[in-house]
Amino acid sequence: MLEKTYNPEQIEQRWYEASEAAGHFACAPSSDKKPYVIMMPPPNVTGSLHMGHALTFTLQDVLIRYHRMQGYDALWQPGMDHAGIATQMVVERQLAAENINRRDLGRDAFIEKVWQWKAESGGMIEHQQRHLGVSADWPRSRFTMDEGLSEAVRKVFVKLHKDGLIYRDKRLVNWDPKLLTAISDLEVEQKDVDGHMWSLQYPVKDMPGTFVTVATTRPETMFGDMAVAVHPDDERYKYLVGKMVILPLVGREIPIVADEYSDPEKGTGAVKITPAHDFNDFEVGKRHSLELLNIFDETATLNENVPEAYQGLDRFDARKKLLAELEGMGVMVGAEPNRHAVPHGDRSGVPVEPWLMDQWYVDAATLAKPAIEAVRSGKTEFVPERWSKTYFEWMENIQPWCVSRQLWWGHRIPAWFGPDGTAFVEETEAEASAAAKAHYGEDVALFQDEDVLDTWFSSALWPFSTLGWPQDHSELERYYPGAVLVTGFDIIFFWVARMMMMGMHFMDNEVPFKHVYIHALVRDEKGQKMSKSKGNVLDPLDLTAKYGADALRFTLTAMAAQGRDLKLSENRIESYRNFVTKIWNAARFLEMNEITGTHTLPDTIDAPVNQWILHELNQTNEAVSNALSAYRFNEAADKLYQFIWNYYCDWYLEFIKPTLADSDESRRTASYVLQKALHMLHPLMPFVTEELNEKIFNQSDMLIAAPWPFKDAAAKADTNIDLVIDIISEIRTIRSEMNVPLSAKPALEIRGATDSHQSVIMQMEAAILRMARVEAIRFIDGDFAKGTALTSISGMDVGLPLTGILDFDAERTRLKKDIANGEAEAAKLSAKLNNAGFVAKAPEAVVVENRRRLEDEQTRIDALKAALMRLDG
């Protein structure tokens, strides 16, 4: 016997372990089944499961389980990313707690510490994924730093270099002075800060009393100024173009140049140009052949290229000292408060510096061209399609990709330098030595580049490096390209675009996946982003412990509407936990009526109610399949919920209760339908479905390996059972709206029923009398008596005589009073929402709540007016 209440804690781990042990998570490379492949976005080795993970892993698992049941050879490729910066930061913090600096340890010893940390603490997220029901092919799990993937990284780097698509260049990078590494544009976070716009006067050489005034938010970079730029059409400065100004404190002469970068309408129209410390200034400097003078060291401390009094000062300390000195000299002539965006490292949280240095770059613009065309031609499709616009905007304006990082943890760049700085890019040191000998004519000492590759470089190879490339191509030919990539919009640039570029370049112009499904963000119930500081974070592991993994999975699936963020609350999860309970109770109902084991349908189905439920089962089957095939996850969940809760539990089981003991047809149909419904529900709720499949239907074969159910030919669409449901529902509505006592059982009068209508109503008479709480059903031709509440259903007039049951005058007075009160409340809410000041100033959540209240009030008013009309009928 099933327990009275469903306890997920007792069954989830057991079924997960049983499914994995039976090999049901594994792909079958030697089978003749058609492959279906999802490459799991590899979570960081430092990561732990959050709600975004829970959403993406749930949706992927739903697709994988569904396609397994559809007969595909399903591969869900798992793994973890080495997460260069994040992992190095974790280990460095641990060492700092022991007063150890990684530089004191040395590179090799530090790397050993990182591997030790990974073995002991890394990969916790894989264990957490299992709690959620993730059915990945775990023995195939890969790590971006394992030897096979490392070989792929080296081969790709060397090949791109030989193709002229990777090169070394001296350019400005986003330098993080805390982490001491370059970071990409995508790892830079713009933060608004309150600062000042300072105006500085630069004297013009040989023109006493003539100054050019420039404005800046960063006066300390003045030491690196190499020009002042003015617009070529700015009449105020035309006579000064070509002349020199004297840089205060430094005394260096710098030219006034004409360049369209300067905006005559902004500030004074004159701009100081610091080519080595500003990306726009760098481009101006290239156009005018200006010198690049670096004034910072790696910690953003001023170096030997500034006056001695400023050398060794932190950039912000130097700013304070410089402003005081310039003010004393009369050079600073203005300081206006200015709130402006300052780029910060997204991990370190400190302002980054544009810094001039040698780095390795990928010619991303060349690699992007076929990747752009692949999406334009439909070889890869974004779902929702609007995300393709975001993809195009970035890809069509892509900049050289700086792939070198000044870290120790990561794939070390396969480049070795000779005595004169010549770089030899090869897969191994031996090959580099041979290339150097050929170049120099003798053996020379080489040293390897100290830098490592951007973490996203190895991640970009994930769709093919995990399948054995470059060594083994057998599985690559079977499982590449993948069917779909499921991910969030925040890594379209970081990862999706780069996989497209690398996949097409190395896989003979074949895209890495056919579809890219972009899911939305998981927010709190008020639509706010979850954050620890706000205290609104929901932990998926806490939620699975409290409500069960099935309830959380179904909630996330049901809320995953395309293009709409999920507003998640515990109330929603609790409501779907109640859905699990509803399913459990339906199974117990069958068990209590001794309907266990697997039942086939009779050769013929005669009862309309059984024909009807089989038709609804078929409709649900088709709708769920179509929805999942189109990534409309919420529609699939909604169809299953409506079928099981409403059609099967609330209507079908109630219809057949009185005759269940004597009807073999109904007993077999009830069993058959619930079993097939559990099949369809399994991808969303794997645990409760497996438990009931075994305990109620006595199945030893698990649902995870079962075929998706076929439609049943015994179903009929024209049974008119929907008419019966409408009648019962409408009578229940009338009773509720008009406060008809539960104990009262009026007659049900129907006028204008067709023969087919009368037939099904009389066949279902017992169910209607019991479920609508009416005494009798009468078909009439004449008028309804006074005091009858009226409604219309499918061309029939339906009446509920209430004389002697209801005081019509008192009820009419009550309804009119409630309507007046409701309209007054609705008017107040409307006035508030029509007040532009309120909408502009109130928090979004408050505005949304007021809109909801207004909608609810208007719905209530409509129901009260409908009840009043019935009274006046």
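To be clear, the structure that these remarks concern was listed above.
Throughout what follows, the structure given in this document is the object of discussion.

The rules behind these values
Residues numbered from 1 in each chain as written. Predicted model: local features only at pLDDT ≥ 70, side-chain atom pairs only at ≥ 80, totals over all residues. Heavy atoms only, no water. Helix = DSSP H or I, 4+ residues; strand = E, 2+ residues; numbered from the N terminus. Buried < 20%, exposed > 50% of the residue type's maximum accessible area, 1.4 Å probe, protein only. Contact = heavy atoms within 4.5 Å. Areas by Shrake-Rupley, 256 points an atom, 1.4 Å probe, with all protein chains shown as cover. Lys, Arg positive; Asp, Glu negative; His and termini not counted. Charge placed at Lys NZ, Arg CZ, Asp CG, Glu CD. Pairing = 2+ DSSP bridges. Phe/Tyr/Trp six-rings, centres within 6.5 Å; stacked < 30°, edge-to-face > 60°. 1 Å grid on protein atoms, 1.4 Å probe; cavity = no way out; pocket = protein on both sides within 12 Å on 5 of 7 lines; lining within 4 Å. Points joined across faces, edges and corners; volume = space filled by probe spheres on them. Nonpolar A, V, L, I, M, F, W, Y, C, P; charged D, E, K, R; others polar.

**Some details on the overall build of the protein chain**
A count of helices and strands for the protein chain gives 29 helices and 29 strands. Among the 873 residues that make up the protein chain, the fraction classed as buried is 53%. Sequence separation of 24 or more characterises 77% of the internal contacts of the protein chain that already satisfy a separation of 6 or more. Approximately 38600 Å² of the protein chain is accessible, and the part contributed by carbon and sulfur atoms is 48%. Side-chain charges in the protein chain split into 94 positive and 129 negative, and the spacing between the mean points of these groups amounts to 4 Å.

**Structural notes on the sheet that holds strand β16 (residues 401–402)**
Taken together, four strands build an open sheet; the order of strands is β6-β5-β14-β16 and the sheet is antiparallel. Sheet topology places β6 (181–183) and β16 at the edges, where each strand pairs with a single neighbour. Sheet topology note: the strand β14 (residues 353–362)/β16 ladder contains two bridges and is antiparallel. Its bridge partner lying in β16, tyrosine 361 is registered against cysteine 402.

**Focus: the packing of aromatic side chains**
Taken as a whole and judged by the stated rule, the model has 36 aromatic pairs. Ring centres of phenylalanine 579 and tyrosine 641 lie 4.8 Å apart, and the angle between their planes is 50 degrees; on these two criteria the pair is classed as tilted. Placement of phenylalanine 579 in helix α19 (residues 570–592) and of tyrosine 641 in helix α21 (residues 633–656) is noted, with a sequence separation of 62 residues between them. Here phenylalanine 579 falls in the buried class, since its relative accessible area comes to 0%.

**A word on empty space enclosed by the protein**
This model, assessed by the stated rule, comprises two cavities of 30 Å³ or more. Lining the largest cavity we find Trp15, Tyr16, Ser19, Phe25, Arg65, His682, Pro686, Phe687 and Glu690. A breakdown of the residues in the lining of the largest cavity according to their chemical character gives five nonpolar, two polar and two charged. Here the second largest cavity is characterised by a volume of approximately 30 Å³. Surrounding the second largest cavity, Leu617, Asn618, Asn621, Lys676, Met680, Pro709, Phe710 and Lys711 form its lining. Only α20 (608–629) and α22 (664–681) provide two or more residues apiece to the lining of the second largest cavity. Per-element tally for the lining of the second largest cavity: the top contributor is α20, with three residues. Among the residues forming the lining of the second largest cavity, the class breakdown is four nonpolar, two polar and two charged.

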